[in-house]
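These are the residues of each chain, in order.
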Amino acid sequence: SDYELLDIIASANLPGVVEAIAQRRELSDTVSGAIIDSDNEMAVFQLLKNPRTVISENNLAKIADKAANHEIWHEPFVYRPELTQKTVNKIAVHISGSLL
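Summary of the structure given here.

Geometrically, a packed helix pair is captured by the angle between its two axes and the distance between the axes. Between helix α3 (residues 29–37) and helix α5 (residues 57–66), the shortest axis-to-axis distance is 10 Å and the interhelical angle comes to 15 degrees. Judged by the angle between their axes, α3 and α5 are roughly parallel. Note on packing geometry: the crossing formed by α3 with α5 is left-handed. Facing D29, S32, G33, I36 and D37 of α3, the residues of α5 in contact are N59, K62, I63 and K66.

So this is what it looks like as structure tokens:
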């Protein structure tokens, strides 16, 4: 359940745990938000690559705010179907022109 996943994310002490959750078949926006808030670079990368993950505009904006320091996120980020023009404008200065 989301509650269990949130608890695991909050207390994850072993490497790879949050990354594995980010790769699950389907994730709610609540769980996506917890992964983003974990500041785990590889977990957010896996989350962005996961096509069955729900990521709200608010959570995409959180990623955009942090994207300058995480180049690995750029390519999967620009391919998210729920990107709004507002979010694209926010990250445009950090992302290669070829991706835009």
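Of all hydrophobic cores here, the largest spans 25 residues; its most connected members are I35, I63 and F77. Of all the elements in the fold, those that place two or more residues in this core are α1 (2–11), α2 (17–22), α3, α4 (41–49), α5 and α6 (74–78). Per element, the largest residue contribution to this core is five residues, and it comes from α4. Ignoring sequence-local partners within four residues, the contact set of I35 consists of I9, V18, I21, A22, L27, A43, V44 and L47.

What follows concerns the pattern of salt bridges. Overall, the coordinates contain four salt bridges when judged by the stated rule. R52 is the partner of E26 in a salt bridge, and the nearest nitrogen-oxygen pair spans 3.6 Å. You can see E26 sitting in the loop between α2 and α3 and its partner R52 sitting in the loop between α4 and α5, a full 26 residues away along the chain. Residue E26 is classed as exposed on the basis of its relative accessible area of 52%. Assessed through its relative accessible area of 39%, R52 is described here as partly exposed. R80 is the partner of E82 in a salt bridge, and the nearest nitrogen-oxygen pair spans 2.9 Å.

All right, on to the side chain of N59 then. By secondary structure assignment, the location of N59 is in helix α5. N59 has contacts with D29, S32, G33 and I36, leaving out every residue within four places of it along the chain.

A few words on the environment of T53. With respect to the helices, strands and loops of the structure, T53 is situated in the loop between α4 and α5. When the C-alpha positions of T53 and K86 are compared, they lie 20 Å apart, and in sequence the two are 33 residues distant. Not counting chain neighbours up to four residues away, the residues in contact with T53 comprise A22, L27, S32, L47, R80 and E82. In terms of polar contacts, T53 uses its side chain to reach the side chain of N50, at 3.0 Å.

Within the fold, R80 resides in the loop between α6 and α7 (85–91). Given the relative accessible area of 5%, R80 is considered buried. A distance of 2.8 Å separates the side chain of R80 from the backbone oxygen of T53, its partner in a polar contact. With sequence-adjacent residues up to four places away left out, R80 is seen in contact with L47, L48, N50, P51, T53, I55 and L60.

Thresholds applied
- Residues numbered from 1 in each chain as written.
- Predicted model: local features only at pLDDT ≥ 70, side-chain atom pairs only at ≥ 80, totals over all residues.
- Heavy atoms only, no water.
- Axes fitted to C-alpha atoms, helices over the stretch in contact; angles between N-to-C directions.
- Helix = DSSP H or I, 4+ residues; strand = E, 2+ residues; numbered from the N terminus.
- Parallel < 35°, antiparallel > 145°, perpendicular 65-115°, else oblique.
- Left-handed = near helix turned anticlockwise from the far one by under 90°.
- Contact = heavy atoms within 4.5 Å.
- Core = buried A, V, L, I, M, F, W, Y, C linked by side-chain atoms within 4.5 Å.
- Buried < 20%, exposed > 50% of the residue type's maximum accessible area, 1.4 Å probe, protein only.
- Salt bridge = Lys/Arg side-chain N within 4 Å of Asp/Glu carboxyl O.
- Polar contact = N/O pair within 3.5 Å; in protein donor to acceptor, adjacent residues only side chain to side chain.

So, to be careful, I would describe these as geometric facts and stop short of saying anything about function.
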